[in-house]
Amino acid sequence: MKILFLIYHGFSEASGISKKIHYQVKGLRENGHEVHLCYYGFDALGHRCRYVDDVVIRDYGRGKLAGLRQRFDYGPVYDYCKLNGIQFVYARCFQNASPVLVRFFKRLNQLGIKSVTEIPTYPYDQEFTHFSFLTRLELKIDQLFRCSLSRQMAAIVTFSDAERIFGQRTIRISNGVDFDAIPLHRPTLPQDTSINLIGVAEVHLWHAYDRLLRGLGEYYRHTAQPRDVRFHVVGGVWHTDMDDFKQILAEYHIEDKVVFYGQLFGEQLDEVFNKSQFAIGSLGRHRSGITVIKTLKNREYATRGLPFIYSEQDADFDHQPYVLKAPADESPIDVQQIVDFVDTHHFQPQEIRSTVTHLTWKIQMQKVIEEVWPTE
């Protein structure tokens, strides 16, 4: 089958979302499909361009007018689909529903091209609470047209348990993993009894690392002979969040117990993982109104072979012995519980990794294909 994987933004080396998209494309190709990737970006001259497989299909030029044209012009994508015999469009939601996008997918339907839209997190409205006025205005436009857009889809792909989203049936899958891209955890033997925790994320409100920091502070404040527990944060942190984090660290006098690395890749990232014994997932999905979600990060930790903690409901991991569940509230994380867990549970990385073999992107993406084109 000829598939166009459509996204409404570009790529970043540091972005887990960018990596995920490439893994999804790879998963579709591993199932024997011909897949072309359509995205938006800038060329060497700073021109706004729409690409398919790194080939420009429309150069919009520079400036504000070019930005508007890029935002509302899907004619080149339609022409590409029509001229190249595309049979299926897999689009990734960017909270950008509009009359123009509704019309684009309606025209695809008229060509007999089926489409689905993946909504990475649902519901997502509360994630925008602390965003800028302009971003919240864009969400209002999305709210007006997302049901109309969903009617043009064969289904909505979701990582939640919702059976219908915006009036459309759903295809429920899990976030997947790529075993070729994620190395197995190779623990570095500690020189002492210290415990190292790692959290990898482009930090947002719903990661709730403030809960872990306060838990770490309470641990040091109330434990007579505390172990040396350190938290290693890898990824970007908004300056407002960093200000809040620093305030918590100063309040508890634990500035030396938390390390902010920024973005790391390759061997540098592996080095921090390998000296860590336990990983930190999302601790505040309830802040954005989400109860059930199958996050990418949980799967990446398991693929590495590290035990971890999170607070949402995730059917793939809720009952795994290498997982700790935090309460979905605002209480500080019980760091003593993590220390006891690390001391009393000894898992081999390969043992944890073996539990997610069914979560490869090849398997998850084929579920989508089979739902849209069920076999007789």
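Before reading on, note that the structure itself is shown above.
Here goes a summary of the coordinates provided. Keep in mind that this is a model prediction, so the values were computed, not measured.

1. Describing the sheet that holds strand E11 (residues 229-234)
Pairing is parallel across the open sheet formed by 6 strands, whose spatial order is E12-E11-E10-E13-E14-E15. A strand with exactly one partner marks an edge of an open sheet, and here the two such strands are strand E12 (258-262) and strand E15 (323-325). Geometrically, the sheet is characterised by an average inter-axis angle of 25° between neighbouring strands, direction not taken into account. On top of the sheet, helix H8 (residues 266-274) reaches strand E10 (195-200), E11 and E12; it is set at about 135° to E10, its chief contact.

2. Some points on helix H9 (residues 296-304)
Across the 9 residues that make up H9, a large majority, 8, are buried. For H9, every residue scored as buried is listed here: Leu-296, Asn-298, Arg-299, Glu-300, Tyr-301, Ala-302, Thr-303 and Arg-304. Positive backbone phi, approximately 100°, marks Gly-305, located one or two places after H9.

3. Here we look at the sheet that holds strand E1 (residues 2-6)
Here 9 strands make up an open sheet; going across it, the order is E4-E3-E2-E1-E5-E6-E7-E9-E8 and the pairing mixed. Single-partner strands in this sheet number two, and they are strand E4 (55-61) and strand E8 (164-165). Pairing of strand E5 (residues 88-92) with strand E6 (residues 114-119) involves 5 bridges; the strand directions are parallel. Looking across to E6, one finds that Phe-88 is bridged to Lys-114. On top of the sheet, helix H1 (residues 16-30) reaches E1, strand E2 (34-42), E5 and E6; it is set at about 160° to E2, its chief contact. Contacting E1, E2, strand E3 (48-52), E4 and E5, helix H3 (residues 75-83) runs over the sheet at an angle of about 160° to E4.

4. Re the pattern of salt bridges
For the structure shown, the criterion picks out 22 salt bridges. With a shortest N-O distance of 2.8 Å, Arg-227 and Asp-343 are connected by a salt bridge. Of this pair, Arg-227 sits in the loop between helix H6 (209-222) and E11 while Asp-343 is found in helix H10 (residues 335-344), placing the two residues 116 residues apart along the sequence. Classification of Arg-227 as partly exposed rests on a relative accessible area of 23%. We note a salt bridge from Glu-330 to Arg-287, for which the minimum N-O separation is 2.6 Å. With Glu-330 in the loop between E15 and H10 and Arg-287 in the loop between strand E13 (278-280) and H9, the pair connects residues that are 43 residues apart, well separated along the chain. Linked by salt bridges that have partners in common, Lys-20, Arg-92 and Glu-118 make up one network.

5. Quick word on the packing of aromatic side chains
Each aromatic ring pair is specified by the distance between its two centres and by the angle formed by the two planes. Applying the stated criterion to the full structure yields 22 aromatic pairs. Among the aromatic residues, those joined into a ring-pair cluster are Phe-273, Phe-278, Tyr-301, Phe-308, Tyr-310, Phe-317, Tyr-322, Phe-341 and Phe-347. Here the guanidinium or amino end of Arg-107 rests over the ring plane of Tyr-78, the centre of that ring lying 3.6 Å away.

6. What to know about the layout of surface pockets
With a probe scaled to a water molecule rolled over the atoms, the places where space remains empty come into view. A volume near 460 Å³ is recorded for the second largest pocket. Along its surface, the second largest pocket is lined by 24 residues, and Pro-187, Gln-277, Val-342, His-346 and Phe-347 are the ones closest to its centre. Tallied by class, residues from the lining of the second largest pocket come to 10 nonpolar, 11 polar and 3 charged.

7. With respect to helix H4 (residues 99-110)
With 12 residues, H4 extends 17 Å from end C-alpha to end C-alpha; this agrees with the ideal 16 Å at 1.5 Å per step. Looking at H4, one finds that the buried residues are Leu-101, Val-102, Phe-104, Phe-105 and Leu-108. Buried residues along H4 cover an arc of 160° about the axis, so they all sit on one side. H4 presents Arg-103 and Gln-110 as exposed residues on the side facing more than 90 degrees away from its buried surface. Next to the buried residues of H4 lie E1, H3, E5, E6 and helix H5 (133-151).

8. A few points about the environment of Arg-146
With respect to the helices, strands and loops of the structure, Arg-146 is situated in helix H5. Residues Arg-146 and Tyr-219, spaced 73 residues apart in sequence, show a C-alpha to C-alpha distance of 46 Å. Those residues within four positions of Arg-146 in sequence are excluded, and the remaining contacts are Ala-97, Tyr-124, Asp-125, Leu-139 and Phe-166. Within polar-contact distance, the side chain of Arg-146 engages the side chain of Asp-125 at 2.9 Å.

Calculation criteria
Residues numbered from 1 in each chain as written. Predicted model: local features only at pLDDT ≥ 70, side-chain atom pairs only at ≥ 80, totals over all residues. Heavy atoms only, no water. Pairing = 2+ DSSP bridges. Helix = DSSP H or I, 4+ residues; strand = E, 2+ residues; numbered from the N terminus. Axes fitted to C-alpha atoms, helices over the stretch in contact; angles between N-to-C directions. Contact = heavy atoms within 4.5 Å. Buried < 20%, exposed > 50% of the residue type's maximum accessible area, 1.4 Å probe, protein only. Salt bridge = Lys/Arg side-chain N within 4 Å of Asp/Glu carboxyl O. Phe/Tyr/Trp six-rings, centres within 6.5 Å; stacked < 30°, edge-to-face > 60°. Lys NZ or Arg CZ within 6 Å of the ring centre and 35° of its normal. 1 Å grid on protein atoms, 1.4 Å probe; cavity = no way out; pocket = protein on both sides within 12 Å on 5 of 7 lines; lining within 4 Å. Points joined across faces, edges and corners; volume = space filled by probe spheres on them. Nonpolar A, V, L, I, M, F, W, Y, C, P; charged D, E, K, R; others polar. Expected span 1.5 Å × (residues − 1). Arc of directions from axis to C-beta. Polar contact = N/O pair within 3.5 Å; in protein donor to acceptor, adjacent residues only side chain to side chain.

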